[in-house]
Amino acid sequence: MLLQLKDLSVNYGPKNILSSINLEIGKGEIVGLIGPNGSGKSTLMKAMVGLIPSNGEISYDDRPLKNISARQLSKHVAYMAQERDVAWDLSVERILALGCEAIGGSVRTPKHKAELEDVVSSLGLEPIRKESILQVSGGEKARALLGRALMQKTPLIIADEPTAGLDPEHQLELQEIFQKLQQQGTSMLVSLHDWTYAARLCTRLAMLKEGRLVAYGLPEEVLTQERVQDVYRVKAHILETEQGPVITPTTRL
Amino acid sequence: MTKHPDAPLIVILSLIAIALFLTSLMIGAADLSIAQLIEAAFASEKTPVSIVFWEIRVPRALLGVITGATLGLSGAVLQGLLRNPLAEPGLIGVSSSASLGAVIAIYTGLTITMPYALPAFALLGAAIAAVLLPMLAGGRGQTLTLILAGVAISSIATALTSLALNLSPNPFAAMEIVFWMLGSLNDRSMQHLYIIAPFIVVGWALLLITGKGLNALSLGEETAHTMGVSLPRLRFCAIVGTAASVGAVTAVTGTIGFIGLIVPHLLRKMVGGEPQRLLIPSAIAGACLLTLADITVKLFGPQSNLKLGVLTAIVGAPFFLWLIIKQRRALI
Amino acid sequence: MNPDLVIAGTYTNQTTVQMLRGLGITVVQVPPVRTIPDIARELRRLGKVLGQEQKTEALASRFETTVQRFVEAQPDEKARAGVYYANGYTAGDGSLVNELITTAGLQNIANNLGLKGTSKLPLELLILEDPQLLVEGTQFSDKPALAFELLAHPALKRTLGNSGRVLVEDKYTICGLPFVAEAIEKLANQSKRLGARAE
């Protein structure tokens, strides 16, 4: 297993943010993490990469996280934070290079140079590779930051709301990229708000409610009328189509 | 490996630094010709000119280079660490706190028996400021809180320095607040350099190894952590490195502001915005700028009593204002 | 207290002086003494005013004799002495300390540089004059200040060696009274020592 969580819980003072989460992510999966605001999606992702302390067991490739140094961790998992603030006027190309340097590489070596070119072309970054990350559009920035994660050449990428703030076209663009990566063998854990999008993109969905994992399975198994009502407290209209279910919230309960 | 992309920049800056260093050696209160100085520099016997050269001009020029390099380098590191182009040892209160430490060490008489108490106390003062600052300003690098926290720390440190000087039984001490607030390289000696040297070496070493971590930190603390950067280690290197080196130079030159602000900003575009590539050029350019400022002070003549920090502030303060105006959108 | 006589400096507030005179009190104003002959002259003047002419005459002439003896003992080759006070101030022509130094048979570097009264002397210029003797003033406190750090500068140490410093306490350089002969003697001893080494 690339990532395994056993009985994971996170407490913030006396407050219980996450409790007894059990989750496994294998090779070639796209796992969608869904749940209402405040259900603990971001907290769970941060706990997974050791950004916040947790109880229970987190292991990558059967190695417990606590035995993995920060440097080694960067080879197991790449993380895209929800915050996409870049402090300096770096070029898109340099942003990608940072990912490579994180795992001890250098884009001045032929091997990594080739990897860089590969990422640039597969993410369609060629036209903006020399441009400043502070000047490009939201969609371009999201792709550039994803490119940085890809340059870490990890088997697993954890992305916190990668589609936030993107227009439909760029959301679909990102979906295609994720699916291409999946075909190449990279696994992903992404948190999402759009049920329809999640159902189409992901191989499995994990649904959180108030810090508990209430469902983990195939999208159509997880996104049922009863569960959506129970977890989100809204009524939804679920329409089965050839491209998968289209799920629209209709009324608040 | 291909050639380092910044090699031309570093070479050019180094040549300028060397030229300014030599120019600085040629200028002083006494009118000495180049021939006289060269002859004295290599004289086997001690002559008045050779003493002036080796004991007054060389230490002053060296101290200028070391101080400038320290301020430039630490400015670049602090900006990277705090993710803010307005971070600088002077503005965030590190320099004035170092001054406070040095003042306590000197005026209590501690340095008479223990010379190393001088840089050690300055380090302590600087470290307290550097640790307090992020606690006051918050870790997100917001300009407004950063500057407010810096102003608060500076004011407290300056007030306490003033108090310490006023409490000294030596009647001259109270007037020396000017030196501690505005800085000067006047009449410093090799002794000063020897005492601060170990602190400078350790400080620079710590600062120079922060580069890779600072690069990753461009993408935010969380992302940096997952890119193999140990944030506690990075903070330790940046803060202790700054405290040791800025503390040491401040202990012998007083507070000299704005070098660490101007230099990284001027160079940032040339190195593609990357914090790591900014470090060495900032150090060399800092040495250039401070030496240039000191040459100007010397050209004003010994009677003018112009302080080095006045000159750097005259250039630096408008620059600072300009940076704030540029950042105003982010401030609101 | 109703005094008969008040001795005031020339720098004493003139209003006060006028007021005292208006009250019928005799006020004698003594200027600050900046030269050796002034010392004897002012002494005699005071004696006259106080009606102690014999006593002051004895003091004054003894002082003059002492000074004369120092003047006669002056070596032909005069050693170079520099006055160096806190913050790099020196004293040249027009200061009492300059009188003491020259009377003792030393040449004052400040005069060679054309510096008059108390004025700033950059360390470089002092060193280039290659002083053999450094005349220092009282340090006001055992607690340090940067003002005095300059006096410990290695450039001075290398120029002067271990023995080239002499302390002339401020009382000798501020109050022009016959006891300044003690300071002249101290300086003359240094002058003799340096003269002897030169031979």
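About the thresholds
- Residues numbered from 1 in each chain as written.
- Chains lettered and ligands numbered in written order.
- Predicted model: local features only at pLDDT ≥ 70, side-chain atom pairs only at ≥ 80, totals over all residues.
- UniProt positions renumbered as here; feature names shortened; annotations may be inferred.
- Helix = DSSP H or I, 4+ residues; strand = E, 2+ residues; numbered from the N terminus.
- Rg over C-alpha atoms; globule rule 2.2 N^0.38 Å.
- Buried ≥ 20, exposed ≤ 12 C-beta atoms within 10 Å, placed from the backbone.
- Contact = placed C-beta atoms within 7 Å.
- Nonpolar A, V, L, I, M, F, W, Y, C, P; charged D, E, K, R; others polar.
- Pairing = 2+ DSSP bridges.
- Axes fitted to C-alpha atoms, helices over the stretch in contact; angles between N-to-C directions.
- Expected span 1.5 Å × (residues − 1).
- Parallel < 35°, antiparallel > 145°, perpendicular 65-115°, else oblique.
- pLDDT = per-residue confidence, 0-100.
- Core = buried A, V, L, I, M, F, W, Y, C linked by C-beta atoms within 7 Å.
- Left-handed = near helix turned anticlockwise from the far one by under 90°.
- Right-handed = clockwise from strand over helix to strand, strands pointing away.

Chain B is annotated in an unreviewed UniProt entry as Iron complex transport system permease protein of Pseudovibrio denitrificans. Annotation of chain B in UniProt includes, under Sequence similarities (unreviewed entry), the sentence "Belongs to the binding-protein-dependent transport system permease family. FecCD subfamily." Under the UniProt heading Subcellular location (unreviewed entry), the entry covering chain B gives this text: "Cell membrane".

With an unreviewed UniProt entry as reference, chain A is termed Iron complex transport system ATP-binding protein, source organism Pseudovibrio denitrificans. Among the UniProt annotations of chain A, the heading Function (unreviewed entry) holds the following wording: "Part of the ABC transporter complex HmuTUV involved in hemin import. Responsible for energy coupling to the transport system."

Student: How should I be thinking about the overall build of chain A in this particular structure?
Tutor: Each helix and strand in chain A was counted, giving nine helices and twelve strands. Relative to its length of 253 residues, chain A is compact, with a C-alpha radius of gyration of 18 Å against a globular reference of 18 Å. Overall size of chain A, expressed as C-alpha extent along the three principal axes, is 55 × 40 × 30 Å. Taking all 253 residues of chain A together, 42% fall into the buried category. Relative to all contacts within chain A whose residues are 6 or more apart in sequence, the contacts with residues 24 or more apart total 64%.

Student: Quick question: what am I supposed to make of the interface of chain A and chain B here?
Tutor: In many reports, interface size means the accessible area that the parts give up when they come together. On the side of chain B, 22 residues touch chain A, which itself brings 25 residues to the contact. Among the secondary structure elements, those contributing two or more residues to the side of chain A that touches chain B are α2 (70–76), β6 (77–80) and α3 (92–102) of chain A. Here the residues of the side of chain A that touches chain B sort into 15 nonpolar, two polar and eight charged.

Student: How do you make sense of the sheet that holds strand β10 (residues 212–217) of chain A when you look at a structure like this?
Tutor: Each strand in a sheet pairs with another by means of backbone hydrogen bonds, the pair being arranged parallel or else antiparallel. Residues and elements named next belong to chain A. In spatial order, the strands read β6-β7-β8-β3-β9-β10; together these six strands make up an open sheet with mixed pairing. Where the open sheet ends on each side, the last strands, each with one partner, are β6 and β10. Sheet twist, expressed as the average angle between the axes of neighbouring strands with direction ignored, equals 15°. Pairing of strand β3 (residues 30–34) with strand β8 (residues 187–191) involves four bridges; the strand directions are parallel. Across the sheet, residue V31 finds its bridge partner in β8, namely L189.

Student: I tried to follow helix α6 (residues 117–137) of chain B on my own but got confused; where do I start?
Tutor: Since the α-helix packs 3.6 residues into each turn, any two residues three or four apart lie on the same face. When the terminal C-alpha atoms of α6 of chain B are compared, their 30 Å separation across 21 residues agrees well with the 30 Å that a helix rising 1.5 Å per residue should span. Downstream of α6 of chain B by a residue or two, G138 of chain B has a phi angle that is positive, lying close to 85°.

Student: Is there a simple way to explain the interface of chain C and chain B in this structure?
Tutor: The interface of chain C with chain B comprises 22 residues on the first partner and 28 residues on the second. In terms of residue class, the side of chain C that touches chain B is built from 14 nonpolar, three polar and five charged.

Student: Help me understand the UniProt feature "transmembrane region" (unreviewed entry) in chain B, please; the structure alone is not making it clear to me.
Tutor: All names here are of chain B. The positions that UniProt labels "transmembrane region" (unreviewed entry) are, in the present scheme, residues 59–78, 90–110, 116–137, 144–165, 193–213, 233–266, 278–300 and 306–325. Overall, residues 193–213 shows 90% helix and 0% strand. The separation of its end C-alpha atoms is 30 Å. Counting secondary structure, residues 233–266 comes out at 85% helix and 0% strand; the distance between its end C-alpha atoms is 28 Å.

Student: Is there a simple way to explain the UniProt feature "domain: ABC transporter" (unreviewed entry) in chain A in this structure?
Tutor: On the UniProt side, "domain: ABC transporter" (unreviewed entry) is annotated at positions that read residues 3–235 of chain A here. In residues 3–235 of chain A, helix accounts for 37% and strand for 26%; the two terminal C-alpha atoms are 33 Å from one another.

Student: What is the right way to look at the packing of helix α2 (residues 34–41) of chain B against helix α3 (residues 48–82) of chain B in this model?
Tutor: Two quantities define a packed helix pair, namely the angle between the axes and the distance from one axis to the other. Residues and elements named next belong to chain B. Across the interface, α2 lies against α3 with an axial gap of 8 Å and an inter-helix angle of 85°. Taken together, the axis directions place α2 and α3 in an arrangement best described as roughly perpendicular. Here α2 contributes Q36, L37, A40 and A41 to the contact with α3, which in turn contributes V49, S50 and F53.

Student: Just to check I follow, could you spell out the confidence of the model for chain B for this structure?
Tutor: In low-pLDDT segments, the atomic positions of the prediction should not be examined closely. All names here are of chain B. Confidence in the prediction for chain B averages 91 pLDDT; 97% of positions are at 70 or higher. The spread of mean pLDDT over the elements of chain B runs between helix α16 (residues 328–331), the lowest at 61, and helix α1 (residues 7–26), the highest at 97. Model confidence for the complex: the whole-complex pTM is 0.90, and ipTM, which rates the interface, is 0.91.

Student: Explain the nonpolar core here, please?
Tutor: One recurring pattern in soluble globular proteins is that nonpolar side chains are buried together. Membership of the largest hydrophobic core comes to 234 residues, with the highest contact counts inside it found for I158 of chain A, L123 and A126 of chain B together with L100 of chain C. With 17 residues, α3 of chain B is the largest single contributor of residues to this core. If we ignore the near neighbours within four places in the chain, the residues touching L123 of chain B are F199, A243, A244, G247 and A248 of chain B.

Student: I keep staring at unusual backbone geometry and nothing clicks. Help me out?
Tutor: Generally, phi is negative for residues other than glycine and the peptide bonds are trans, each holding for most cases. Positive phi values are uncommon outside glycine, yet E161 of chain A reaches one of about 45°. Position of E161 of chain A among the secondary structure elements: in the loop between β7 (156–159) and α6 (168–183). Of note in the backbone geometry, D130 of chain C takes a positive phi value of approximately 50° without being a glycine. Inspection of the secondary structure assignment puts D130 of chain C in the loop between α6 (123–128) and β7 (133–136).

Student: For this particular structure, what's the right way to read the pairing of β6 of chain A?
Tutor: Each regular strand displays side chains that alternate between the two surfaces of the sheet. Residue and element names in this part refer to chain A. Both faces of β6 are covered, namely the face carrying V77 and Y79 and the face carrying A78 and M80. In the sheet, β6 pairs with β7 via four bridges, with the strands oriented parallel. Opposite A78, over in β7, you have I157 as the bridge partner.

Student: Which parts of the structure should I look at to understand the packing of helix α4 (residues 94–107) of chain B against helix α7 (residues 143–167) of chain B?
Tutor: All names here are of chain B. Where α4 contacts α7, the axes come no closer than 8 Å and their chain directions differ by 15°. Of the possible angle classes, the one that applies to α4 and α7 is roughly parallel. Handedness of the crossing formed by α4 with α7: left-handed. Where α4 approaches α7, its residues S96, S97, S99, L100, V103, I104 and Y107 are matched on the opposing element by I153, S154, A157, T158, L160, T161, A164 and L165.

Student: In this structure, what is going on with the environment of L73 of chain B? I would like to understand it.
Tutor: Residue and element names in this part refer to chain B. In this structure, L73 sits in helix α3. Along the backbone, L73 and A164 are 91 residues apart, and their C-alpha atoms lie at a distance of 30 Å. When sequence neighbours within four positions are dropped, the list of residues in contact with L73 reads W204, L207, L279, S282, A283 and G286.

Student: What should I look at first to understand the pairing of strand β1 (residues 5–9) of chain C in this one?
Tutor: All names here are of chain C. Where β1 and strand β2 (residues 26–30) come together, five bridges link them in parallel fashion. Paired with V6 across the two strands is V27, which belongs to β2. Regarding topology, helix α1 (residues 14–22) serves as the crossover connection from β1 to the parallel β2, and that connection is right-handed.

Student: What's the story with the sheet that holds strand β8 (residues 165–167) of chain C in this structure? I'm lost.
Tutor: Residue and element names in this part refer to chain C. Taken together, four strands build an open sheet; the order of strands is β5-β3-β7-β8 and the sheet is parallel. Of all strands in the sheet, those with a lone pairing partner are β5 (106–108) and β8, marking the two edges. Direction aside, the axes of adjacent strands within the sheet are offset by 35° on average. Relative to β8, β7 runs parallel, the two sharing three bridges. Of the residues in β8, the one forming a bridge with V135 is V166. Lying on the sheet, helix α4 (residues 96–103) is in contact with β3 (79–83), β5 and β7; it crosses β5 at an angle near 145°.

Student: What's the story with the confidence of the model for chain A in this structure? I'm lost.
Tutor: Averaged over every residue, the pLDDT of chain A is 93; the share at 70 or more is 100%. The spread of mean pLDDT over the elements of chain A runs between strand β12 (residues 244–252) of chain A, the lowest at 90, and β3 of chain A, the highest at 97.

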